[in-house]
Amino acid sequence: NDKVVKYIPNFPYSDICINHLLSHTSGLSANIDFLNEEDNQKIITNDSIISLLIKYEPNLEFKPGEKWAYSNLGYDILAVIVETVSNLKFDVYMQKNVFRPAGMKRTFIPRSANVSNWLPKKLKESDLALPHNYEDLSACNLRNIYAITCNSKQYYYGSSHIYTTVYDLEKFNKALACNIILSKESQALAYTPFKLNDGSFAIHDLAPIESYYGLGWEISMDTTYGKIIWHKGRSGG
């Protein structure tokens, strides 16, 4: 429930709390798409986000806590908060507190679009798989494979750019189930639908089934399996 300004005093939105960023109810835009042409050509990273928000101070789409709307920008800011509080770069913090404790040896976060510069020991460039395109988010039929096309001048982490494997994701899942990387109490908060200002719950209106949104997780009820905690997603590059 802390305000973001507690950790980033010059953050230009005094009413946004950390749980607004976690639940996508901050009112921030989906991405950093408000730059002028000159800034759009500059090298921009997470280190630039706060100064850009101060420079442009784009209007919020709604009051914090009023609605739900997905914001990658919000999660990039969360990574900045992690770095500020821990005094560690986000990738280092994640290795120390999440990946290593969970035994995720083939998972890493590059700090730039030149991924090969950030490969962990024992991993080679040939270990990286190209991104895939699917017919839709729920299909398993491959449509085509495309080259990496991300803008190398703009690179943000927090919302995306974690490289991992199916096996490491299984280890992540087990580490959560065993409360190794996050306490049972914190997980209970994450898996509870977020309550908006009017008392209603945040609803993920883009989900393929009726779903609420907690702190970073989608929450659905299935007639066969009961409560399902899940998340879809993709990021080009």
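Summarised in this report is the structure supplied together with it. (Residues numbered from 1 in each chain as written. Predicted model: local features only at pLDDT ≥ 70, side-chain atom pairs only at ≥ 80, totals over all residues. Heavy atoms only, no water.)

## Structural notes on the sheet that holds strand E4 (residues 218–222)
In a beta sheet, neighbouring strands pair by backbone hydrogen bonds and run either parallel or antiparallel.
So, point 1. One open sheet holds the three strands; their spatial order is E3-E4-E5, and the pairing between them is antiparallel. Edge positions in the open sheet fall to strand E3 (211–213) and strand E5 (226–230), since each of these has one partner strand only. Neighbour-to-neighbour, the strand axes of this sheet turn through a mean angle of 30°, independent of strand direction.
So, point 2. Inspection of the sheet shows E3 paired to E4 by three bridges, in the antiparallel sense. (Pairing = 2+ DSSP bridges. Helix = DSSP H or I, 4+ residues; strand = E, 2+ residues; numbered from the N terminus. Axes fitted to C-alpha atoms, helices over the stretch in contact; angles between N-to-C directions.)

## Here we look at the packing of aromatic side chains
So, point 1. For the structure shown, the criterion picks out nine aromatic pairs.
So, point 2. Pairing Phe201 with Tyr212 gives two aromatic rings, centres 5.9 Å apart and planes at 75°, and the pair type is edge-to-face. Note that Phe201 is positioned in the loop between helix H7 (184–190) and E3 and Tyr212 in strand E3, a separation of eleven residues in sequence.
So, point 3. Residue class for Tyr212 comes out partly exposed when judged on its relative accessible area of 32%.
So, point 4. Every member of this aromatic cluster is reached through a ring pair, and the members are Trp68, Tyr70 and Tyr213. (Phe/Tyr/Trp six-rings, centres within 6.5 Å; stacked < 30°, edge-to-face > 60°. Buried < 20%, exposed > 50% of the residue type's maximum accessible area, 1.4 Å probe, protein only.)

## Remarks on unusual backbone geometry
So, point 1. Even without being glycine, Glu57 reaches a positive phi, approximately 35°.
So, point 2. Glu57 sits in the partly exposed class, given a relative accessible area of 44%.
So, point 3. Even without being a glycine, Asn87 presents a positive backbone phi close to 60°.
So, point 4. As for its placement among the helices and strands, Asn87 is situated in the loop between helix H4 (72–86) and helix H5 (90–102).

## Some remarks on a nonpolar patch on the surface
So, point 1. Together, Phe201, Ile203 and Tyr212 make up a nonpolar patch on the protein surface, roughly 260 Å² of accessible area in all.
So, point 2. Judged by its relative accessible area of 37%, Phe201 falls in the partly exposed class. (Patch = residues over 30% accessible without salt bridge, like charges linked within 9 Å, V, L, I, M, F, W, Y side chains within 5 Å. Areas by Shrake-Rupley, 256 points an atom, 1.4 Å probe, with all protein chains shown as cover. Salt bridge = Lys/Arg side-chain N within 4 Å of Asp/Glu carboxyl O.)

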